[in-house]
Amino acid sequence: MPNDNHDENSYNNLSLDHFMAGLKKRNPDEPEFHQAVYEVAESVIPFILENPKYQKAGIIQRMTEPDRTIIFRVVWEDDEGHIRINRGYRVQFNNSIGPYKGGLRFHPSVNLSILKFLGFEQTFKNSLTTLPMGAGKGGSDFNPKGKSEREIMRFCQAFMTELSYHIGPNTDVPAGDIGVGAREISFMFGQYKRLQHEFTGVLTGKALAFGGSLVRTEATGYGNAYFMEEMLRHHSDSINGKVCVVSGSGNVALYCCQKITQLGGKVVTLSDSSGFIYDKNGIDEDKLAYLIKLKTVQHGRLSEYAAAYGCEYHEGERPWGIPCDLAFPCATQNELDEADAKVLVANGCKAVSEGANMPCSAQAIRVFQQAQLIFGPGKAANAGGVAVSGLEMTQNSMRLAWSAKELEQRLQGIMVDIHKQCATYGEEDGYMNYVKGANIAGFIKVADAMLAYGVM
Ligand code: NDP
Ligand code: 2IT
């Protein structure tokens, strides 16, 4: 019988099935959290069994329980004067190697399962960056779509009014994620500053005028392209000349597209929750400039791009059926399933690099691995965003700002370093298993810190 109380027996007889059964029992109705833990446990449990010090100390059992979870009511007034109520969250997952660090997501799908999966993955991702950052994630089921600027501002201020009690530059440093960009970070930073009577680097992703970092906007997408380039280099190949399918059209997707193009690849798709565009000629710098304005200033839809440039628009579909060499899922979790993975493999796709968090289902990853396709998991491939957030914290502490050139070099160096860490632990009979490599490398640093602290 699975033992859900983590007693001595459950450590000594650690097995994947036993462990997952206990986790599911303790955390019912949290399918995304189960999925994220399974992906890690599958590679880390065999490693723990070879290294009994982690097993005896119950490290994986402790790591899957957040330090604390804060859930609160957010009340605000819409433009018609109606009272609106949302739920706010901050999951402070693990601060063993630095202050809690991770994004805030505003999307109607946000719930505890999604934020726990994101916070858990952040533990390993932040460890891989080589920077001193713990892990957290937060957000709200607030839907920014269709809201006026003033409504967004009132919501952000109400959200931060409660969140401000729980964060601080040495405690917990949130940033953006889906639905939270420069505008929302600015509203929240302003409110924190007003409430605390203190100007401090409590959020990252800030505007340049008040402590933001160059290259933070581009960092996740650029980092993902760099990570793909590094995986390909390791396999004696490169992005140059490759046809690339990218999903999403938000912060990560747009700058991933830009860096792929700069590295000589041709991006032929982007998507949003309504459909995808297929531009056979490639999305070049000019078209990308149009898209960045459309998405970040006008908050428009991709269908407008199809109308402007006369390319194909596939309503209600995802882009994985378009033949490609490389795929970059950059929208959201579980946007690429087993059937999509089989189509990509059948079409000759060589490599997949996850810009989003957990965009590929567990079954899709299995298909890629069985086909020996090169697969970069999000916790490694999209770590460039939080890495430059870490560099923003450094600059804030030093009260100075580095140049774009310096930051991009550091970002590139960090992505190469992450690849190296993955490669150290991912080798498997001639196949480089980046999932296993990222999980074990990310685990060791946090686990060793937890061991050093003793029982807590
Ligand atoms: P944005 O809000 O800027 O963009 C999100 C994009 O994904 C939009 O195109 C959106 O389409 C689409 N999308 C969102 N939800 C869904 C859904 N349920 N179904 C289909 N499409 C959807 O977010 P980001 O670009 O910042 O984030 C994208 C992914 O990258 C997320 O998984 C995030 O966690 C991850 N990530 C982000 C980092 C960052 O620094 N921003 C860092 C590391 C990872 P629509 O406009 O129609 O909703
Ligand atoms: O998922 C992520 O790594 C992010 N959304 C970025 C987090 C951050 O603190 O920059």
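The preceding data block contains the structure.
Throughout what follows, the structure given in this document is the object of discussion.

Scoring rules and cut-offs
- Residues numbered from 1 in each chain as written.
- Chains lettered and ligands numbered in written order.
- Predicted model: local features only at pLDDT ≥ 70, side-chain atom pairs only at ≥ 80, totals over all residues.
- Heavy atoms only, no water.
- Helix = DSSP H or I, 4+ residues; strand = E, 2+ residues; numbered from the N terminus.
- Buried < 20%, exposed > 50% of the residue type's maximum accessible area, 1.4 Å probe, protein only.
- Lys, Arg positive; Asp, Glu negative; His and termini not counted.
- Salt bridge = Lys/Arg side-chain N within 4 Å of Asp/Glu carboxyl O.
- Contact = heavy atoms within 4.5 Å.
- Expected span 1.5 Å × (residues − 1).
- Near = heavy atom within 4 Å.
- Polar contact = N/O pair within 3.5 Å; in protein donor to acceptor, adjacent residues only side chain to side chain.
- Areas by Shrake-Rupley, 256 points an atom, 1.4 Å probe, with all protein chains shown as cover.
- Nonpolar A, V, L, I, M, F, W, Y, C, P; charged D, E, K, R; others polar.
- 1 Å grid on protein atoms, 1.4 Å probe; cavity = no way out; pocket = protein on both sides within 12 Å on 5 of 7 lines; lining within 4 Å.
- Points joined across faces, edges and corners; volume = space filled by probe spheres on them.
- Pairing = 2+ DSSP bridges.
- Axes fitted to C-alpha atoms, helices over the stretch in contact; angles between N-to-C directions.
- Phe/Tyr/Trp six-rings, centres within 6.5 Å; stacked < 30°, edge-to-face > 60°.

Another point: the side chain of Glu335. Note on placement: Glu335 falls in the loop between β10 (326-328) and α13 (338-346). Of the side chains bearing the opposite charge, Arg318 lies closest to the buried Glu335, which forms no salt bridge; the N-O distance is 6.7 Å. Dropping the residues within four chain positions of it, Glu335 is found in contact with Ser247, Arg318, Trp320, Pro329, Cys330, Asp340, Ala356 and Pro359.

Right, let's talk about helix α16 (residues 384-398) for a bit. Each turn of an α-helix holds 3.6 residues, which means side chains three or four residues apart point in the same direction. Between its first and last C-alpha atoms α16 spans 21 Å; for 15 residues at 1.5 Å apiece the expected length is 21 Å, and the two agree. For α16, every residue scored as buried is listed here: Gly384, Gly385, Val386, Ala387, Val388, Ser389, Gly390, Leu391, Glu392, Met393 and Gln395. Remark: Arg399 follows α16 within two positions and exhibits a positive phi of approximately 55 degrees.

The next thing to look at is the site of ligand 2. If you check the shell around ligand 2, you find 14 residues, and the closest are Lys101, Lys125, Asp177, Arg216 and Ser389. Contacts to ligand 2 include Lys101, whose side-chain N or O atom sits 2.6 Å from an oxygen atom. Between a nitrogen atom of ligand 2 and a main-chain N or O atom of Gly176, the distance comes to 3.1 Å. When ligand 2 is considered free in solution it has 290 Å² of accessible area, and contact with the protein chains removes 94% of it.

Here we come to the site of ligand 1. Around ligand 1 lies a shell of 25 residues, among which Lys145, Asp177, Thr220, Ser273 and Arg301 are the nearest. Between ligand 1 and Asn357, the relevant distance is 2.8 Å, taken from an oxygen atom to a side-chain nitrogen or oxygen of the residue. Within the complex, 83% of the 880 Å² of free accessible area of ligand 1 lies under protein. Listed by contribution, the elements that provide at least two residues to the shell around ligand 1 are α9 (216-234), α10 (251-262) and β7 (266-272). Split by residue class, the shell around ligand 1 holds five nonpolar, 13 polar and seven charged.

Moving on, we come to the layout of surface pockets. Quantified by volume, the second largest pocket comes out at close to 500 Å³. Lining the second largest pocket are 25 residues, and of these Gly201, Met393, Gln395, Asn396 and Ser397 lie nearest its centre. Here the residues of the lining of the second largest pocket are counted per class, giving twelve nonpolar, eleven polar and two charged.

It is worth spelling out the environment of Glu406 at this point. Structurally, the position occupied by Glu406 is in helix α17 (residues 404-426). Note on Glu406: relative accessible area 31%, which makes it partly exposed. For the pair Glu406 and Val215, spaced 191 residues apart in sequence, the C-alpha to C-alpha distance is 9.7 Å. A polar contact of 2.9 Å, which involves the side chain of Glu406, links it to the side chain of Arg410.

Turning our eyes to something else, we now look at the sheet that holds β7. The strands making up a sheet associate through hydrogen bonds between their backbones, and the pairing can be parallel or antiparallel. Across the sheet, which stays open at both edges, the seven strands sit in the order β9-β8-β7-β6-β10-β11-β12 with mixed pairing between neighbours. The outermost strands of the open sheet, each flanked by one partner alone, are β9 (312-315) and β12 (374-376). The sheet shows a mean angle of 15 degrees between the axes of neighbouring strands, taken without regard to direction. Where strand β6 (residues 243-246) meets β10, three bridges bridge the pair, whose relative direction is parallel.

Attention shifts here to the packing of aromatic side chains. Under the defined criterion, the tally for this structure stands at 24 aromatic pairs. Ring geometry for Phe72 against Phe159: centres 5.5 Å apart, planes inclined by 45 degrees, an arrangement best described as tilted. Note that Phe72 is positioned in strand β1 (residues 68-77) and Phe159 in helix α7 (residues 149-163), a separation of 87 residues in sequence. On the basis of relative accessible area, Phe72 is assigned to the buried category, the value being 7%. Look at Phe189 and Phe199: their rings are 5.3 Å apart centre to centre, the planes differ by 80 degrees, and that puts the pair in the edge-to-face class. Of this pair, Phe189 sits in helix α8 (residues 182-196) while Phe199 sits in the loop between α8 and α9, and the two are ten residues apart along the sequence. Given a relative accessible area of 51%, Phe199 falls into the exposed group. In textbook terms, an aromatic cluster arises when at least three aromatic residues are bridged by ring pairs, as seen for Phe72, Trp76, Phe106, Phe142, Phe155 and Phe159.

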